[in-house]
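# Geometric and topological summary
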Amino acid sequence: MEQKQIRKNRCLRMTAVFCILSLIVMIFVLVIKKDSQQSQFISPPFDSHAVSGIPDVPDDLKWGEVDVQIFKASICSVVTLKGGQADIWLTNPESNKVWLKVRALDDNGDILGETGLIKPGEYVQSLVFDIIPKTGTAIGLKLMAYQPETYYSEGSVTLNTMVKVGK
């Protein structure tokens, strides 16, 4: 009988040690995985072509205001590429409390091009495309808002449109 009790105790101890080791390994893996998934945030630069004021936009570009409640922006819904860039006239109204930028994305979410940040009361005329899509390609213009100084996100909205290639 004592032999059975000794075996039982030994088995319980080994099981307890195995459970504790398993917990230690799981915690270690979770900590390592969490650290490797957190990438360093690099604050976006300000757009060197930003201009103060309100632009005079041609009517054929369908420039209009987008109201996302947290912020407003004006941008063109017609995206015509000429020489690797398109006039989008991204405008950050003076009434906003956020910095804005826009990113052009393809259907897979890959970045085709983006502006730098613009402050309230500024606009940027053109968006330079690093990857040139074909005429008729569906793209998303992702407006992204940031808190000044902290760069915390104040939200984003994506406007779906198509690319035209101008002459």
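Data block above holds the structure.
Procedures and definitions
Residues numbered from 1 in each chain as written. Predicted model: local features only at pLDDT ≥ 70, side-chain atom pairs only at ≥ 80, totals over all residues. Heavy atoms only, no water. Helix = DSSP H or I, 4+ residues; strand = E, 2+ residues; numbered from the N terminus. Rg over C-alpha atoms; globule rule 2.2 N^0.38 Å. Buried < 20%, exposed > 50% of the residue type's maximum accessible area, 1.4 Å probe, protein only. Contact = heavy atoms within 4.5 Å. Areas by Shrake-Rupley, 256 points an atom, 1.4 Å probe, with all protein chains shown as cover. Pairing = 2+ DSSP bridges. Salt bridge = Lys/Arg side-chain N within 4 Å of Asp/Glu carboxyl O. Core = buried A, V, L, I, M, F, W, Y, C linked by side-chain atoms within 4.5 Å. Lys, Arg positive; Asp, Glu negative; His and termini not counted. Polar contact = N/O pair within 3.5 Å; in protein donor to acceptor, adjacent residues only side chain to side chain. Patch = residues over 30% accessible without salt bridge, like charges linked within 9 Å, V, L, I, M, F, W, Y side chains within 5 Å. Charge placed at Lys NZ, Arg CZ, Asp CG, Glu CD.

### Regarding the overall build of the protein
If you tally the helices and strands in the protein, you get one helix and ten strands. Helices and strands appear in the protein in the N-to-C order α-β-β-β-β-β-β-β-β-β-β. Scaling as 2.2 N^0.38, a compact globule of 167 residues should have a C-alpha radius of gyration of about 15 Å, whereas the protein reaches 27 Å, well beyond that. Along the longest, intermediate and shortest principal axes, the C-alpha atoms of the protein span 95 × 35 × 25 Å. Expressed as a percentage of its 167 residues, the buried residues of the protein come to 32%. Residue pairs at least 24 apart in sequence account for 60% of intrachain contacts in the protein once pairs closer than 6 positions are excluded. Accessible area of the protein: about 11400 Å², with a carbon and sulfur share of 56%.

### A few points about the pairing of strand β2 (residues 63-67)
Note that β2 and strand β3 (residues 72-76) share five bridges and pair antiparallel. In the sheet register, Glu 65 faces β3, and the bridge partner there is Ser 74. The antiparallel hairpin formed by β2 and β3 contains four residues in its connecting segment, where Gln 69 sits at a positive phi of about 70°.

### Quick word on the pattern of salt bridges
When charged atoms on two side chains of opposite charge get close, those side chains can pair. Under the counting rule described, the total for this entry stands at two salt bridges. Residue Glu 114 pairs with Lys 101 through a salt bridge whose shortest N-O separation is 2.6 Å. Linking Glu 114 in strand β7 (residues 111-114) with Lys 101 in strand β6 (residues 99-105), this pair joins segments that are 13 residues apart in sequence. We classify Lys 101 as buried; its relative accessible area is 4%. Ionic pairing is found between Glu 114 and Arg 103, a salt bridge with its closest N-O pair at 3.0 Å. Residue Glu 114 is located in strand β7, and its partner Arg 103 is located in strand β6; the two are separated by eleven residues in the primary sequence.

### Quick notes on the side chain of Asn 92
By the element assignment, Asn 92 lies in strand β5 (residues 85-92). Those residues within four positions of Asn 92 in sequence are excluded, and the remaining contacts are Lys 72, Val 98, Trp 99, Leu 100, Ile 118, Lys 119, Pro 120, Gly 121 and Glu 122.

### Some remarks on the nonpolar core
By size, the foremost hydrophobic cluster in this structure holds 23 residues, and its most contacted members are Ile 75, Leu 90, Val 102, Phe 129, Leu 141 and Leu 143. With near-sequence residues (within four places) excluded, Leu 141 lies in contact with Ile 75, Cys 76, Val 79, Val 102, Arg 103, Ala 104, Leu 127, Val 157, Thr 158, Leu 159 and Thr 161.

### Here we look at the side chain of Glu 122
In this structure, Glu 122 sits in strand β8 (residues 122-128). With no salt bridge to any partner, buried Glu 122 finds its closest opposite charge in Lys 119, at an N-O distance of 5.8 Å. Of the polar contacts made by the side chain of Glu 122, one reaches the backbone nitrogen of Lys 119; its length is 2.9 Å. Residues within four places of Glu 122 in sequence aside, it is in contact with Ala 50, Val 51, Ser 52, Gly 53, Leu 90, Thr 91 and Asn 92.

### Some thoughts on the pairing of β8
Counting buried residues in β8 gives five out of seven residues, a clear majority hidden from the surface. With two bridges joining them, strand β1 (residues 51-52) and β8 adopt antiparallel strand pairing. Within β8, the position partnered with Ser 52 by the bridge is Glu 122. Pairing analysis gives six bridges linking β5 to β8, with the strands arranged antiparallel.

### Examining a positive patch on the surface
Together, Lys 4, Arg 7, Arg 10 and Arg 13 make up a region of like positive charge exposed at the surface. Along the chain, Arg 7 turns up in helix α1 (residues 2-37).

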